[in-house]
Amino acid sequence: MAKDRVVLAYSGGLDTSVAIGWIGEQTGAEVVTVAVDVGQGGEDLEVIRQRALDCGAVESYVADARDEFAEEYCMLDLQANGLYMDAYPLVSALSRPVIVKHLVTAARQFGGSVVAHGCTGKGNDQVRFENGITALGPDLKCLSPVRDLALTREFAISYAEKHDLPIETTKSNPFSIDQNVWGRAIETGYLEDLWNAPTKDVYSYTDDPAYPPLPDEVHIVFDKGIPVKIDGKDVTPLQAIEEMNRRAGAQGIGRIDIVEDRMVGIKSREIYEAPGAMALMAAHKELERVTMDREQARFKQRVSLRWSELVYEGQWFSPLKRSLDAFILDTQEYVSGEIRMTLHGGRAEVTGRRSDTSLYDFNLATYDAGDTFDQSHARGFIELTGLTSKLAAARDMKFGKGEAMPKLNLSQGD
């Protein structure tokens, strides 16, 4: 009789390596591991695959999803200008649905009925993983060894040493770190004291903006909200992010230090590095200002806020998120053109814009010769836009409820 199978999201680190054997002991199931490359760097996928097998996995599924992640997830965040709490470019939240997609694919391929992840019961990722898993595989069950099977850090070290697992059992880094090509998230350790400033060892994707190299001018061409050329060279979404990570990172751009509202109701101090994401978003926002209708742009700000909240809260596959995607993509129809930026000392400053789909009319905007704006229209326009306030003010005066006017002091001298 075939054993049940658990599909485990596998990073190659201590906790998930120990989870392979621990899940087997606690549930009697075989474990299939899934490792997904979203540009986090580190070890080769083949090394991770072999380690999983050496730790007891019966199958090990690996996927290079860097292009998929950049094209289908990061670019939609860019088009949405998606920032949670107007600050966080959804670094970790964006990567979870692509990992979930491969977890469910592996579950179907290898006959798994349970999908496991390494999240705690305190953070956001447990929600993101489990909401995503049940959205794509409603028949699948979810398991968290850390949360559900009491797999503590101390136990993991002891277990790995006892079973001679091929994994490092000590870790000098005091921080909890999650990273991918869109950015890097750092928390815990001394950062949990809100008064403590980040030290240099916190950062990896960005250099110190206080000591920048010479200013770096970059030209970015967008097609419907997607970067397609940098300094005249064709780029894929992944190449665009990687190039801007390198250049904006060298200038210390994209450092974020916020106290964030987690889904479980607590506040958490988070440090982020997202040089490419924040530089590209600054360029994209400016091109939208040139090419998007005023009312459309205003409403899109509201949509972007709600979209960001949904992604943060693990609702990537929800009906509302899907509907908002359609609106966002429609707004990008004319967001094409070129942005010139200067990267320097922690800032990405737009210095030039041009677009064949621009709504900017030089002859209407200029105050010099050639001005085609008919100023005679202004008086009637002002009368109409102020009419409702004028009527309300007249009513207030009629009933003695008008705003009290300040008394003017007309006395002369000192």
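Worth saying up front: this structure is predicted, and the values here are computed from it rather than measured.

Definitions and cut-offs
Residues numbered from 1 in each chain as written. Predicted model: local features only at pLDDT ≥ 70, side-chain atom pairs only at ≥ 80, totals over all residues. Heavy atoms only, no water. Pairing = 2+ DSSP bridges. Helix = DSSP H or I, 4+ residues; strand = E, 2+ residues; numbered from the N terminus. UniProt positions renumbered as here; feature names shortened; annotations may be inferred. Contact = heavy atoms within 4.5 Å. Expected span 1.5 Å × (residues − 1). 1 Å grid on protein atoms, 1.4 Å probe; cavity = no way out; pocket = protein on both sides within 12 Å on 5 of 7 lines; lining within 4 Å. Points joined across faces, edges and corners; volume = space filled by probe spheres on them. Nonpolar A, V, L, I, M, F, W, Y, C, P; charged D, E, K, R; others polar. Polar contact = N/O pair within 3.5 Å; in protein donor to acceptor, adjacent residues only side chain to side chain. Buried < 20%, exposed > 50% of the residue type's maximum accessible area, 1.4 Å probe, protein only. Axes fitted to C-alpha atoms, helices over the stretch in contact; angles between N-to-C directions. Parallel < 35°, antiparallel > 145°, perpendicular 65-115°, else oblique. Phe/Tyr/Trp six-rings, centres within 6.5 Å; stacked < 30°, edge-to-face > 60°. Lys NZ or Arg CZ within 6 Å of the ring centre and 35° of its normal.

The next thing to look at is the pairing of strand β6 (residues 176-180). Summarising the sheet, β6 and strand β7 (residues 183-187) pair through five bridges and their orientation is antiparallel. Paired with Asp178 across the strands is Ala185, a residue of β7.

Below, the discussion takes up the UniProt feature "binding site: ATP" (unreviewed entry) in the protein. Within this structure's numbering, the places UniProt gives as "binding site: ATP" (unreviewed entry) are Ala9, Tyr10, Ser11, Gly12, Gly13, Leu14, Asp15, Thr16, Ser17 and Gly118. These annotated residues cover 110 residues of sequence, but their C-alpha atoms sit close together, with the largest distance between any two at 12.9 Å. One can find Tyr10 in the loop between β1 (5-9) and α1 (14-27). Those residues in contact with Tyr10, other than ones at most four positions away along the chain, are Thr16, Ser17, Ile20, Thr33, Val34, Ala35, Ile48, Arg51 and Ala52. Topologically, Ser17 is positioned in helix α1.

Let's shift gears to helix α14 (residues 387-398). The first and last C-alpha atoms of α14 sit 17 Å apart over 12 residues, in line with the 16 Å expected at 1.5 Å per residue. Positive phi shows up at Gly400, right after α14, with a value of about 70°.

Let us now look at the pairing of strand β3 (residues 59-64). A regular strand places its side chains on the two faces of the sheet in alternate fashion. With six bridges joining them, strand β2 (residues 30-37) and β3 adopt parallel strand pairing. When the sheet's bridge partners are listed, Val36 is paired in β3 with Ala63.

Turning our attention to the layout of surface pockets. The calculated volume of the second largest pocket comes to roughly 440 Å³. Along the walls of the second largest pocket sit 15 residues, with Asn81, Lys285, Glu288, Gln301 and Ser304 positioned nearest its centre. Those elements giving two or more residues to the lining of the second largest pocket turn out to be α9 (275-291) and α10 (294-312). Classifying every residue of the lining of the second largest pocket gives five nonpolar, five polar and five charged.

Turning our attention to the side chain of Ser318. Residue placement: Ser318 occurs in the loop between α10 and α11 (319-331). Looking at Ser318, its side chain comes within polar contact range of the main-chain oxygen of Gln315, at 2.9 Å.

This brings us to the UniProt feature "binding site: L-citrulline" (unreviewed entry) in the protein. The sites that carry the UniProt feature "binding site: L-citrulline" (unreviewed entry) are, in the present numbering, Tyr88, Asn124, Arg128, Ser176, Glu260 and Tyr272. From this annotated list, the subset lining the largest cavity comprises Arg128. Setting aside its immediate chain neighbours within four residues, Glu260 contacts Tyr84, Met85, Tyr88, Asn124, Ile266, Lys267, Ser268, Glu270, Tyr272 and Tyr312. With respect to the secondary-structure elements, Tyr272 resides in strand β12 (residues 267-273).

This part covers the side chain of Asp37. Here Asp37 is to be found in strand β2. Under the relative-accessibility criterion, Asp37 is labelled buried at 17%. Among the polar contacts listed, one links the side chain of Asp37 to the backbone nitrogen of Gly39, at a separation of 2.8 Å. Apart from residues no more than four positions distant in its own chain, Asp37 is found in contact with Leu45, Ala63, Asp64, Ala65 and Arg66.

Before going further, it helps to examine the environment of Ala87. With respect to the element layout, Ala87 can be found in the loop between α3 (66-80) and α4 (91-110). The sequence separation of Ala87 and Phe299 amounts to 212 residues, and the corresponding C-alpha distance is 19 Å.

What follows deals with the packing of α3 against α10. A pair of packed helices can be characterised by two numbers: the angle between their axes and the separation between those axes. In contact at an axis separation of 9 Å, α3 and α10 are set at 140° when each is read in the N-to-C sense. By the angle between their directions, the pair α3 and α10 is classed as oblique. Taking contact as the criterion, the partners of Leu76, Asp77, Gln79 and Ala80 in α3 are, on α10, Lys300, Ser304 and Trp307. Within the contact of α3 with α10, the residues separate by chemical class into three nonpolar, two polar and two charged.

Once that is clear, we can look at the packing of aromatic side chains. Under the defined criterion, the tally for this structure stands at 11 aromatic pairs. With centroids separated by 5.8 Å and ring planes inclined at 40°, the aromatic side chains of Phe155 and Tyr159 adopt a geometry described as tilted. Of this pair, Phe155 and Tyr159 both sit in helix α7 (residues 153-162), separated by four residues, roughly a single helical turn. Joined through ring pairs, the aromatic side chains of Phe69, Tyr73, Trp307 and Trp316 make up one cluster. A cation over an aromatic ring shows up here: Lys321 above the ring of Trp316, its NZ or CZ 3.5 Å from the ring centre.

Turning our eyes to something else, we now look at the environment of Leu287. Mapped onto the elements of the fold, Leu287 is located in helix α9. Relative accessible area serves as the criterion here: at 0%, Leu287 is assigned to the buried category. Note: C-alpha distance between Leu287 and Ile258 (29 residues apart in sequence) is 27 Å. Setting aside its immediate chain neighbours within four residues, Leu287 contacts Phe222, Val335, Ser336, Gly337, Ile339 and Ser355.

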